[in-house]
Amino acid sequence: MAAGDDAAATDRRGRRRLETVEEILDAAAGIMAEQGAGGLTLGELARRIGVRPPSLYGYFDSKNALYDALFERGWTRLNQTMATQLPGVREAPEPRAQALSVAETFVRWSVENAAYAQLMFWRPVPGFEPSAQAYAPAVEAMRRARQVLTVLQDRGVLDRASDLDEALGAWVVIVSGVVSQQLSNAPHEAFEDGTFTRLLPQLTSMFLTHYGSGGGTDDRTSSNPACGRTAADQPGRSTRGGRSPARRDPGAAARTRRG
């Protein structure tokens, strides 16, 4: 076989392997969505993808390695969702309103991807700790969250004297707390009508007021009747949500536990 044929065959094998890995992760996420993160079993996973359990070890050398890949995948996908938010914070005419959009985007994603969120924010699997590689996207998410607060400070929404490390910790508690309460106590409610997610406008307003520069409010975060509604209730606004990492980062609160 010519060298070119060898390379092509290697590429095909590599692509097939990656496709199989993605199939395994999809199936594992589906099981976690039904049974909870701690309910994932290799036997059920093998059954769903049509292989014998030992075959899985050709792709993941342990169950924790599978969790590790799912943890990394979740944070990577959340970061991709959040990537659209920072430009808006920099450029939006009403940065206070954009701060609420950031919170909604983070929380919505987390509530709508509960299987990943459990693994990312709680400790549902005894003995599992993400590897440095898997945890890197979580660190990146925290870095981006701090960037958002820095821009809000630069734009005069947050007081320049505010301690951004403290503010970041408070922000983590707010958004992750909303997610934790919603998933723990009302997991079947939609984001728009969630018992806890609908409090985001008020909570964001409280945060901005506490750390704010006193420069006023806008129609999304002021103490008017609109703050009792989510952005989905207000014409022209999209609402997506998410949450933030708080593990292994000295500037963050302790990792959210089930409330």
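Residues numbered from 1 in each chain as written. Predicted model: local features only at pLDDT ≥ 70, side-chain atom pairs only at ≥ 80, totals over all residues. Heavy atoms only, no water.

An unreviewed UniProt entry annotates the protein as TetR/AcrR family transcriptional regulator originating from Jatrophihabitans cynanchi.

A.B. asks: I'd love a proper account of helix H9 (residues 200-211), names of residues and values included.
C.D. replies: Under the 1.5 Å per step criterion, the end-to-end length of H9 is 16 Å for 12 residues, consistent within 8% with the ideal 16 Å. Taken residue by residue, H9 has Leu-200, Pro-201, Thr-204, Ser-205, Phe-207, Leu-208 and Tyr-211 as its buried positions. Relative to the axis of H9, the buried residues are bounded by an arc of 160° and lie together on one face. Among the exposed residues of H9, those oriented more than 90 degrees off its buried face are Met-206, Thr-209 and His-210. Buried residues along H9 sit against helix H5 (95-112), helix H7 (132-154) and helix H8 (164-185). (Helix = DSSP H or I, 4+ residues; strand = E, 2+ residues; numbered from the N terminus. Expected span 1.5 Å × (residues − 1). Buried < 20%, exposed > 50% of the residue type's maximum accessible area, 1.4 Å probe, protein only. Arc of directions from axis to C-beta. Contact = heavy atoms within 4.5 Å.)

A.B. asks: Give me the lowdown on the confidence of the model for the protein, citing residues and values where you can.
C.D. replies: On average, residues of the protein score 84 in pLDDT, and 78% of them reach the 70 mark or higher. Here residues 215-259 scores under 50 on pLDDT; set against residues more than four positions off or in separate chains, the count is 151 contacts. (pLDDT = per-residue confidence, 0-100.)

A.B. asks: Account for H5, naming residues and giving values.
C.D. replies: Its 18 residues give H5 an end-to-end C-alpha distance of 25 Å, which sits within 8% of 26 Å, the value for a rise of 1.5 Å per residue. Here H5 lies mainly inside the structure; 17 of its 18 residues are buried.

A.B. asks: Got a sec to walk through the pattern of salt bridges? Specific residues and values, please.
C.D. replies: In this structure the tally under the stated criterion is 12 salt bridges. With its nearest N and O atoms 2.7 Å apart, the salt bridge here joins Arg-73 to Asp-26. With Arg-73 in helix H3 (residues 63-82) and Asp-26 in helix H1 (residues 3-35), this pair connects stretches of sequence that are 47 residues apart. Residue class for Asp-26 comes out partly exposed when judged on its relative accessible area of 45%. Across the pair Glu-34 and Arg-48 runs a salt bridge, and its minimum N-O distance is 2.6 Å. Pair noted here: Glu-34 is in helix H1 and Arg-48 is in helix H2 (residues 42-49), with a separation of 14 residues, a long-range link. (Salt bridge = Lys/Arg side-chain N within 4 Å of Asp/Glu carboxyl O.)

A.B. asks: Describe the packing of aromatic side chains, and please don't skip the residues or the numbers.
C.D. replies: Throughout the structure, instances matching the rule amount to eight aromatic pairs. Each ring, one from Tyr-67 and one from Phe-128, has its centre 5.8 Å from the other, and the planes form 45°; the classification is tilted. Taken together, the positions of Tyr-67 in helix H3 and Phe-128 in the loop between helix H6 (114-121) and H7 put the pair 61 residues apart, joining distant regions of the chain. The two residues Tyr-67 and Phe-128 agree in class, both being buried. Relative to Tyr-135, the ring of Phe-71 has its centre 6.1 Å away and its plane inclined at 20°; by these criteria the two rings are stacked. Note that Phe-71 is positioned in helix H3 and Tyr-135 in helix H7, a separation of 64 residues in sequence. Judged on exposure class, the residue Phe-71 and its partner Tyr-135 are both buried. Three or more aromatic residues joined by ring pairs form one cluster here, namely Tyr-67, Phe-71, Phe-128 and Tyr-135. (Phe/Tyr/Trp six-rings, centres within 6.5 Å; stacked < 30°, edge-to-face > 60°.)

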